[in-house]
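So the chains spell out like this:
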Amino acid sequence: MNNSKGSPQPPANDLEAGTSHPAAAVEDDDDSSSDPFYIASTKNASVARLRRWRQAALVLNASRRFRYTLDLKKEEEKKQILRKIRAHAQAIRAAYLFKAAGGEEEVNGTGIPPLPERGDFAIRQEQLASMTRDHSLSTLQHYGGVKGIADLLKTNLEKGIHGDDEDLLERKTAFGSNTYPQKKGRSFWMFLWEAWQDLTLIILMVAAVASLALGIKTEGIKEGWYDGGSIAFAVLLVIVTTAISDYRQSLQFQNLNEEKRNIHLQVIRGGRRIEVSIYDIVVGDVIPLNIGNQVPADGILISGHSLAIDESSMTGESKIVHKDSKQPFLMSGCKVADGSGMMLVTSVGIDTEWGLLMASISEDTGEETPLQVRLNGVATFIGIVGLTVAFAVLVVLLVRYFTGHSKNPDGSKQFTAGVTKVGDAVDGAIKIVTVAVTIVVVAVPEGLPLAVTLTLAYSMRKMMADKALVRRLSACETMGSAETICSDKTGTLTLNQMTVVEAYAGRKKLSSASNKSELSPKLSSLLFEGIAQNTNGGVFIPESGGEVEVSGSPTEKAILSWGLQLGLNFEVVRSESTILHVFPFNSEKKRGGVAIKRPDSQVHIHWKGAAEIVLASCTQYIDESNHAEAMDKDKMLFFKKAIEDMAANALRCVAIAYRTYEHEKVPADEDDLSRWALPENDLVLLAIVGIKDPCRPGVRNAVELCQLAGVKVRMVTGDNLQTAKAIALECGILGSAADATEPNLIEGKVFRAYSDKEREEIAEKITVMGRSSPSDKLLLVQTLKRNGHVVAVTGDGTNDAPALHEADIGLAMGIQGTEVAKESSDVIILDDNFASVVKVVRWGRSVYANIQKFIQFQLTVNVAALIINVVAAVSSGDVPLNAVQLLWVNLIMDTLGALALATEPPTDHLMHRPPVGRKEPLITNIMWRNLLIQASYQVTVLLVLNFGGRSILNLEHDSNDHANKVKNTLIFNAFVLCQIFNEFNARKPDEYNIFKGITKNYLFIGIVGITLILQIIIIEFLGKFTKTVRLNWKHWLISVVIGFISWPLAIVGKMIPVPKTPLSTFLTRRFRRRRNIHN
């Protein structure tokens, strides 16, 4: 068993993040649709809807066709396992509540095992796991509380473990690692076995065995094995090639899943906050927890402020559990819904409930995409036509054979009643059945839906290099239809590298943001207190000297760095007062606060947040002479003007304020204190700072590329409207200052106040939304979707989760994004860069375009092969393309064709066209035009060769047998070369230059080269297997010319204009009109 790894753990939120628990948004999965193969989004489709299209599909090999779809049976098994484990968690919780209600359990009883006498650590893993799993508070107290457990684990609660290699190895040996056993991926032999399951291939193998037995019996082993052996070999080649292709795809998905799980989080080791992989967490680690984080292991709360945990992933209940000294136990896999805290890790990996859960279920049960479902519909339609044709061919050939109309090359009848031996008659019938079944193999495009997974696997791997991690396959293709992107500002359009460049303190602007001489002693003291205590960041000063390390979100880091420049001694200021209660930053209120108790028992409440909102709560400010002056109208206007000036210069404005509070009014009870709402009125303004966050290089070009591609970029930010406007102008989201008027530029609260109908009108015009809350973002997404748009949304905070979930494509930020946001998203942008979002759009369009190229290529082969064989069978009783030849054509068409065309890299041309409509037909008018021209040409030329080949090729003087073999070999060779040349045409369905960018696609060149070499080998050396003869140079030249003509023909074809109305829509209208006339 290999080890699978845990879940992502992001850094702390930024000021645009939120706090509340996300509400699940449910999409309409269009159950009412009459077409079982149309699902607008598989994101939240019902099981009944998914089962419906499976039942409607014509499938020859279910195990292969449905491999990359959601396994409905496994999904049900997974739910049952989840229910069992959750029931266990609930039983533990019920027992804990029962004990709590009945009084404390006896500590001196036999329930608590004694501490070990020897060993590296003074406590065993079983004891820790038992205590945490049972939520045994009495056991924890018996060991001396959190401090006692920390001592037993040799952990400093403030500085964490030492964290050197020897220490980590010791802990992993004693307590295990934070991994859990994972079921191994399927082996190559499993894929080989699945490829065997195809019904048509099984029939062909049975036919091959029968043919082999009859051949050997009638002609002897030396000559008699060729017919059956060649079919068997061709079938085996198809099976092995299919299995190799599928196995490679599977490995790509496995590697991507490993990337998904390998995430990093912060731990405190040796006094420093460092980032480690979730797998490297060990028992004894001290881990900071913030809103949106996932609890990475089982543990105990060291300290927390308003810490609320969503335990629904373990208990199944959506109830939020508040954690404090009375309920200190934390379960791995749960999410931080509110507040912050520090935890001590007590159990990792398989010793946690989450580890047991992950080891019990298979995480990756597949997922179908809308395009995959639609392609199953196309495959089903083509398959039904193919089956009908194959059955017709079978009936015609059998009737002709048994009525004596089928003749040998020498003109004699193949079957004469009462004369022909039974063995010969059976052999003749088997050959006819073989041809009919092979037509089914070619006609039913089993590889068509799988081409989606091939191109998605390829695209997902390449997107990793473009800094995009795909969590849901369907997002890859849906992104190609995106019409609007609602993007955050901070960190996505900007660099997220923040510095304080302007500051107002007292009643004036500081000449330099870091000029501490302009601050009075009292103002400095209060300001330092507010900066040091009202933060979830930290400052680490190495004992050996060296550069000071500042940690936290970019905004927190900027303000802490500014404080250090002013002379802040972080550790000293933190130690001078005690934190009573914390109000974490809230994206609805746009501020966060802290209540602290000073040594003289004075209580100070510090607030920090959006400048104009905090300023509105201020009634005083501190002047140069250390006095608190009343905030009169003039001073209020002065500070408001300062905020407007800084915002106009694209600065993020943050105000810092405080107030005093009576100590006796502070709640004494721990429960009351945790629910205490910090007073936020009558504040004293300390400072307003302007933080510079430069635009990302290249973001303007990325926005322009989106606009060129018909994708509207909208900025949705929690920042001041003026700051948002300045950044939008700099990024090119707003074309000019003249555009910066309502409703182009709007505040969240204004948009929120409109009625539904007004919102639907205004949403179309909105380009920038400032001071928006996550609920405003959700409202905008819902409104745009109601208007029929395909919406992509970026987000990083916990409160962004509903909007990410509701959007057609949710894009979470990999650096600043919380775990809750990531889990609600479809794609994670690893570098938080808007340019990477645009690359995802390109890849989405590429997926759709590649599938269309493959469909055009495959349908051309299907149509041509079917018509040629049907016409020849009905007219002459013989088919020019035999079973082995058709299997080789099928291999070129299905597996090799998909590999060559489904892995085309995206081009800039894709961004010069509008987005693909959700209901736009898969086969466009351009594709129909190209397909019909090429198929008509191939059918015409090859049928002319079939019926007049002997005279055209000057073969009249040859024997009938040899002339037919040369003619049929030339038809086969020309047909294959037509497909090779047409593969180039399929690369560029709507461009004249079909060779553009071909040198960058080595796989395409390689596959075309291999196909050509194998075709030469088949014709020149494997004639006995394929029933072909060697061709002379003239015949090769004729074959090449026939294939080559498809190139100039394609250029001429592209000059023919096509109507904008899709062919399917046109035919449907005509049918309805005719029906109405008859009625």
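For clarity, every value in this text was computed on a predicted model and none was experimentally measured.

Cut-offs used in this document
Residues numbered from 1 in each chain as written. Predicted model: local features only at pLDDT ≥ 70, side-chain atom pairs only at ≥ 80, totals over all residues. Heavy atoms only, no water. Helix = DSSP H or I, 4+ residues; strand = E, 2+ residues; numbered from the N terminus. Contact = heavy atoms within 4.5 Å. Areas by Shrake-Rupley, 256 points an atom, 1.4 Å probe, with all protein chains shown as cover. Salt bridge = Lys/Arg side-chain N within 4 Å of Asp/Glu carboxyl O. Pairing = 2+ DSSP bridges. Axes fitted to C-alpha atoms, helices over the stretch in contact; angles between N-to-C directions. Bend = angle between axes of the 7 residues up to and from the residue. Buried < 20%, exposed > 50% of the residue type's maximum accessible area, 1.4 Å probe, protein only. Right-handed = clockwise from strand over helix to strand, strands pointing away.

**A short note on the overall build of the protein chain**
The secondary structure content of the protein chain amounts to 39 helices and 28 strands. Look at the contacts in the protein chain between residues 6 or more apart in sequence, and 74% of them connect residues 24 or more apart. Of the roughly 44,400 Å² that the protein chain leaves accessible, carbon and sulfur atoms contribute 57%.

**With respect to the pattern of salt bridges**
All told, the structure shown has 33 salt bridges when counted by the stated rule. Among the salt bridges present, the one from glutamate 518 reaches lysine 508, with a minimum N-O distance of 3.8 Å. Of the two residues, glutamate 518 is situated in the loop between β13 (508–509) and α18 (521–533) and lysine 508 in strand β13; the sequence distance between them amounts to 10 residues. With a closest N to O distance of 3.4 Å, arginine 913 and aspartate 990 form a salt bridge. A residue pair is termed long-range when its members are at least 10 positions apart, and arginine 913 in the loop between α32 (883–901) and α33 (925–952) and aspartate 990 in the loop between α34 (960–987) and α35 (1002–1021) qualify at 77 residues.

**Some remarks on the sheet that holds strand β24 (residues 745–747)**
Taken together, the 8 strands give an open sheet; going across it, the order is β10-β28-β27-β26-β11-β23-β25-β24, and neighbouring strands pair in mixed fashion. Pairing within the sheet leaves two strands with one partner each, and these edge strands are β10 (468–470) and β24. Here the average twist between neighbouring strands, direction ignored, is 20°. The pairing of strand β23 (residues 712–716) with strand β25 (residues 768–770) spans 2 bridges and is classified as parallel. When the sheet's bridge partners are listed, valine 716 is paired in β25 with methionine 769. Across the sheet, helix α25 (residues 721–731) is in contact with β23, β24 and β25; its angle to β24 comes to roughly 150°.

**Observations regarding α33**
Its axis deflected by about 60° at asparagine 946, α33 carries its strongest bend there. One or two positions beyond α33, positive phi appears at asparagine 954, with a value near 55°.

**Details of the pairing of strand β27 (residues 809–813)**
Summarising burial for β27: 5 of the 5 residues are buried, a large majority. Neither face of β27 is open: one carries Ile809, Leu811 and Met813, the other Gly810 and Ala812, and all of them are buried. Bridge count between strand β26 (residues 791–795) and β27: 4 bridges; the pairing is parallel. For valine 793, the partnering residue across the bridge sits in β27 and is glycine 810. A crossover connection joins β26 to the parallel β27 through helix α29 (residues 801–806); in handedness this β-α-β unit is right-handed. Bridge count between β27 and strand β28 (residues 827–829): 3 bridges; the pairing is parallel. Across the sheet, the residue bridging to leucine 811 is valine 827, located in β28. For the crossover that starts at β27, traverses helix α30 (residues 819–824) and ends in the parallel β28, the hand is right-handed.

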